[in-house]
Amino acid sequence: MNPVSLKKLNEERRARRAAILVTDLGDGSDRLVREGEAVQGGLGDAIAKAFRSGSSGSVEVDGRAFFLNVHLPQPRLVVIGAVHISQALAPMARVAGYPLEIIDPRTAFATEDRFPDVTLHAEWPENVLAGRPLDGYTALAALTHDPKIDDFALKAAFDAGCFYVGALGSRKTHAKRVERLLAMGATADEIARIHAPIGIDIGAASPSEIAVAVLAQVIQAFRSRGAAAGRGEAA
């Protein structure tokens, strides 16, 4: 690997940004392509597909062979609210490969007894996210129903470009949420990204079923990044 490419790749990895090392198998030359960087033609299509799948491999484009070495930050799930849905979601997310952490300043809910082996912050989102900022490889699920807790985190998710933003609540609750977020400076396009009510429509009723619907929607959002994929209806 070209030392310059290696230096650039390490910089991207430290910053939790996705990149692909593209090696021309004909002459051995390589270059680093960052996610969102424009690459024309068939190679660009192959690179975009590799970013979505996260899978490395060789491709042939216009009679030339390339190896795409994909480096994606591990996606993570930040949940606002130490609620029953969160209790069911935590082990599911761990199995699916999405490290999960929970933020809830309500110390009666955010306890180790209720959330064993979970990264738990019994603090306000403002305080936690100042030291552990969100990013484009983070999914955020706001589950408290309390605007004093949820709203700041939702606005932070917009600002950070989180790949998924979901919020629990009825359509009436969401309409009021929209008004508050607009007042906080969020744009209509940002607010339209919220999956609310949260979760793919599978007819979920119990907290565990809603957790399944939420995790499915998070995975769908992650795997369809940059693609014209339809959003699942909310549960």
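For the structure, check the block above.
Residues numbered from 1 in each chain as written. Predicted model: local features only at pLDDT ≥ 70, side-chain atom pairs only at ≥ 80, totals over all residues. Heavy atoms only, no water.

J.: Explain the packing of aromatic side chains residue by residue, including any values.
T.: What the rule picks out here adds up to three aromatic pairs. When the ring of tyrosine 137 is compared with that of phenylalanine 222, the centres are 5.9 Å apart and the planes differ by 75°; the resulting orientation is edge-to-face. Of this pair, tyrosine 137 sits in the loop between helix H4 (125-131) and strand E8 (138-142) while phenylalanine 222 sits in helix H8 (residues 207-223); the two residues are 85 residues apart in sequence, bridging distant segments of the chain. Under the relative-accessibility criterion, tyrosine 137 is labelled buried at 4%. Through successive ring pairs, a cluster of aromatic residues spans Tyr98, Tyr137, Phe163 and Phe222. We note arginine 106 situated over the ring of phenylalanine 109; from NZ or CZ to the ring centre the distance is 4.6 Å. The ring centre of phenylalanine 222 lies 4.2 Å from the NZ or CZ of arginine 225, which sits over that ring. (Phe/Tyr/Trp six-rings, centres within 6.5 Å; stacked < 30°, edge-to-face > 60°. Helix = DSSP H or I, 4+ residues; strand = E, 2+ residues; numbered from the N terminus. Buried < 20%, exposed > 50% of the residue type's maximum accessible area, 1.4 Å probe, protein only. Lys NZ or Arg CZ within 6 Å of the ring centre and 35° of its normal.)

J.: Tell me what's going on with the pairing of strand E4 (residues 64-71), and back it up with residues and numbers.
T.: Taken residue by residue, a regular strand's side chains alternate between the two faces of the sheet. Note that strand E1 (residues 19-24) and E4 share six bridges and pair antiparallel. Counterpart to leucine 21 in the pairing with E4 is asparagine 69. The pairing of strand E3 (residues 57-61) with E4 spans five bridges and is antiparallel. Counterpart to glutamate 60 in the pairing with E4 is alanine 65. As consecutive antiparallel partners, E3 and E4 are separated by two residues, and within that stretch aspartate 62 has a phi angle of approximately 55°, a positive value. (Pairing = 2+ DSSP bridges.)

J.: For the sheet that holds strand E5 (residues 76-80), give the residues involved together with the corresponding values.
T.: The strand order across the open sheet formed by five strands is E7-E6-E5-E8-E9, and the pairing between neighbours is parallel. Where the open sheet ends on each side, the last strands, each with one partner, are strand E7 (119-121) and strand E9 (164-167). For this sheet, the mean angle separating the axes of adjacent strands, direction not counted, is 15°. As judged from the four bridges shared by E8 and E9, these two strands associate in the parallel manner. For alanine 139, the partnering residue across the bridge sits in E9 and is tyrosine 164. (Axes fitted to C-alpha atoms, helices over the stretch in contact; angles between N-to-C directions.)

J.: Before we move on, can you summarise unusual backbone geometry with the specific residues and values?
T.: For residues that are not glycine, phi is negative in most cases, and the peptide bond is trans in most cases. The omega torsion of the bond from alanine 196 to proline 197 falls at -5°, within 30 degrees of zero and hence cis. Among the structural elements, proline 197 can be located in the loop between helix H7 (188-191) and H8. Non-glycine residue aspartate 117 carries a positive phi angle of around 60°.

J.: Would you mind going over the sheet that holds E4 in detail, with residue names and values included?
T.: Spatially, the four strands line up as an open sheet ordered E2-E1-E4-E3, and their pairing is antiparallel. With partners counted over all chains shown, the strands left at the sheet margins are strand E2 (30-34) and E3, one partner each. Here the strands of the sheet are splayed against their neighbours by 30° on average, with no regard to which way each runs. Sheet strands in contact with helix H1 (residues 3-14) are E1, E2 and E4, and its direction is about 20° off that of E2. (Contact = heavy atoms within 4.5 Å.)

J.: A description of the nonpolar core should follow, citing residues and the corresponding values.
T.: Soluble globular proteins: nonpolar side chains tend toward being buried together. Ile47, Leu68, Leu77 and Leu100 are the most contacted members of the largest nonpolar core, which has 46 residues in total. Looking at this core, the element that brings in the most residues is H8, giving eight residues. Leave out the neighbours within four places in its chain, and isoleucine 47 touches Ile20, Val22, Val33, Val39 and Leu68. In this structure, Ile80, Leu134, Ile149 and Leu181 belong to the second largest nonpolar core, which totals 21 residues. (Core = buried A, V, L, I, M, F, W, Y, C linked by side-chain atoms within 4.5 Å.)

J.: Go over H1 with me, naming the residues and quoting the values.
T.: Between its first and last C-alpha, H1 extends 17 Å over 12 residues, near the 16 Å set by a 1.5 Å rise per residue. Three or more residues of H1 are buried, namely Ser5, Leu9 and Glu12. Along the long axis of H1, the arc covered by the buried residues comes to 60°, so they all point the same way. Projecting away from the buried face of H1 at angles above 90 degrees are the exposed residues Pro3, Lys7 and Arg14. Of the surrounding elements, those touching the buried residues of H1 are E1, E2 and E4. The backbone nitrogen of valine 4 lies 2.7 Å from a side-chain oxygen of the residue at the head of H1, namely asparagine 2. Downstream of H1 by a residue or two, arginine 16 has a phi angle that is positive, lying close to 55°. (Expected span 1.5 Å × (residues − 1). Arc of directions from axis to C-beta. Polar contact = N/O pair within 3.5 Å; in protein donor to acceptor, adjacent residues only side chain to side chain.)

As far as function goes, none of this settles anything; it's purely spatial.
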